[in-house]
Amino acid sequence: MIKLTKKFLSVFIFCLIGVIIFLFISTYRESYKSTLIINSTDAIFDGFNRPIGIAIDNQDVIYISNSGNNQIKKITADGALVKMWGSTGKKPGELNRPMHISFGLDENLYVAEFLNDRIQVFNKEGKHIRFLTINKESSNYLNAPGGVAVDKSGNVYIADFFNHLVRKLSPKGEFLYNIGAPGRIWPGKLHYPTDVAIGKDVLYVADAYNNRIQLFSLDGKFLHKWGGFFGMGIPGSLKTYFNIATGITVDDQGNLYIADFYNHRVKKLNSKGNVILIFGTDILHYPTDVAIDSKNNVWVVDFGNDRIVKFKKVKN
């Protein structure tokens, strides 16, 4: 019995060391390098002030929610300012802490307004189209929306930060139902979700303060969760862990890109949740959001540095 125990311990320790080595020194088949940093302080451009969200239209024009100034900035792929709009307030066209943003198939820009408890929709030129919100008298009212996504049918999904769930609205803005529920550890439980993204008939949720990504069907059925030890919400810096997963986007191949806020990095996962790549740790400081252009360049909102960083895929 003693010999068997010693043998078992030896094998266990050997395997444990192997896992630790793999987690720390495993290499990736692809890599990205930063090729452009946009942080102009030019008087016309007016720089960035606490940028949070980013979205890219079908012409590779870039839109950034500049939360510190309650603005949306529209810039070209080389960083030139095209337009900016918004000012502090509650009227049409005014903003109050714009967060994550997203385009719908209608080619309009949907902006989550954290402090106005609504989604505001603009066309590409900054013209106000409509508000999406829920009556405060309803038990399903919005309480600090952090992120928004629109599916191919025009349904709108909202990461409802303080209510710890996702609201689904019809294309007309009518409340349909909730996805997820407040809680920790367990499947489908959300804790301060900050962003949502639509994949191929599925919904990805940045379950920020549970330090994980959760996957649901578009009708709200829980499918999977990723992040650390069985997706239980434990923060960490190892390969499979998150430390506040803030922003999320999906490319045409179904790969996920997640802004890993306190780890100062971006993680790329395949559609099964396996880590493909980690990058940006040498240059990013509290990243909040990610977007992909038509050339598969990765654009990251570098919140802590008040700038946008472009990463290009390179061959190893």
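Heads up: the structure comes first, above all this text.
This text gives an overview of the structure that appears in the document.

Conventions we followed
Residues numbered from 1 in each chain as written. Predicted model: local features only at pLDDT ≥ 70, side-chain atom pairs only at ≥ 80, totals over all residues. Heavy atoms only, no water. Helix = DSSP H or I, 4+ residues; strand = E, 2+ residues; numbered from the N terminus. Buried < 20%, exposed > 50% of the residue type's maximum accessible area, 1.4 Å probe, protein only. Contact = heavy atoms within 4.5 Å. Areas by Shrake-Rupley, 256 points an atom, 1.4 Å probe, with all protein chains shown as cover. Salt bridge = Lys/Arg side-chain N within 4 Å of Asp/Glu carboxyl O. Polar contact = N/O pair within 3.5 Å; in protein donor to acceptor, adjacent residues only side chain to side chain.

Brief notes about the overall build of the protein
Secondary structure assignment for the protein yields 1 helix and 26 strands. Buried positions account for 55% of the 316 residues belonging to the protein. By sequence separation, contacts in the protein at least 24 residues apart represent 45% of the contacts at least 6 residues apart. Accessible surface for the protein amounts to roughly 14,900 Å². Of this, 56% is attributable to carbon and sulfur atoms.

Describing the pattern of salt bridges
All chains considered together, the criterion is met by 11 salt bridges. Across the pair Lys-74 and Glu-125 runs a salt bridge whose closest N-O atoms are separated by 3.1 Å. Taken as a pair, Lys-74 in strand S4 (residues 71–75) and Glu-125 in the loop between strand S8 (118–122) and strand S9 (128–132) lie far apart in primary sequence, 51 residues in all. You can call Lys-74 buried: its relative accessible area is 7%. Residue Glu-125 is classed as partly exposed on the basis of its relative accessible area of 46%. Residue Glu-113 is joined to Arg-118 by a salt bridge in which the shortest nitrogen-to-oxygen separation is 2.7 Å. Here Glu-113 matches Arg-118 in class, with each residue buried.

Re the side chain of Asp-57
Along the polypeptide, Asp-57 turns up in the loop between strand S2 (51–56) and strand S3 (62–66). For Asp-57, a relative accessible area of 8% puts it in the buried group. In this structure the side chain of Asp-57 is engaged in a polar contact, spanning 2.9 Å, whose partner is the backbone nitrogen of Val-61. Engagement of the side chain of Asp-57 in a polar contact is seen with the side chain of Tyr-63, the distance being 3.0 Å. Leaving out residues up to four positions away in the same chain, Asp-57 has contacts with Tyr-63, Phe-103 and Lys-124.

Quick word on the environment of Ile-179
Residue position: Ile-179 is located in strand S13 (residues 175–179). With 14 residues separating them along the chain, Ile-179 and Leu-165 place their C-alpha atoms 6.1 Å apart. Non-local contacts of Ile-179, meaning those with residues more than four positions away in its chain, are made with Tyr-157, Leu-165, Val-166, Leu-190, Leu-203, Phe-216, Leu-218 and Gly-220.

Considering the environment of Lys-268
Summarising the element assignment, Lys-268 is placed in strand S22 (residues 265–269). With relative accessibility at 4%, the residue Lys-268 sits in the buried group. If we skip the residues at most four places from it in the chain, Lys-268 touches Glu-30, Tyr-32, Asn-255, Leu-256, Tyr-257, Asn-274, Val-275, Ile-276 and Leu-277. Of note is the side chain of Lys-268, whose polar atom sits 2.6 Å from the side chain of Glu-30.

What about the side chain of Gln-71?
As for its position among the elements, Gln-71 is in strand S4. Ignoring any residue separated from it by four or fewer positions in sequence, one finds Gln-71 in contact with Ile-64, Ser-65, Asn-66, Met-84, Trp-85, Gly-86, Leu-95 and Pro-98.

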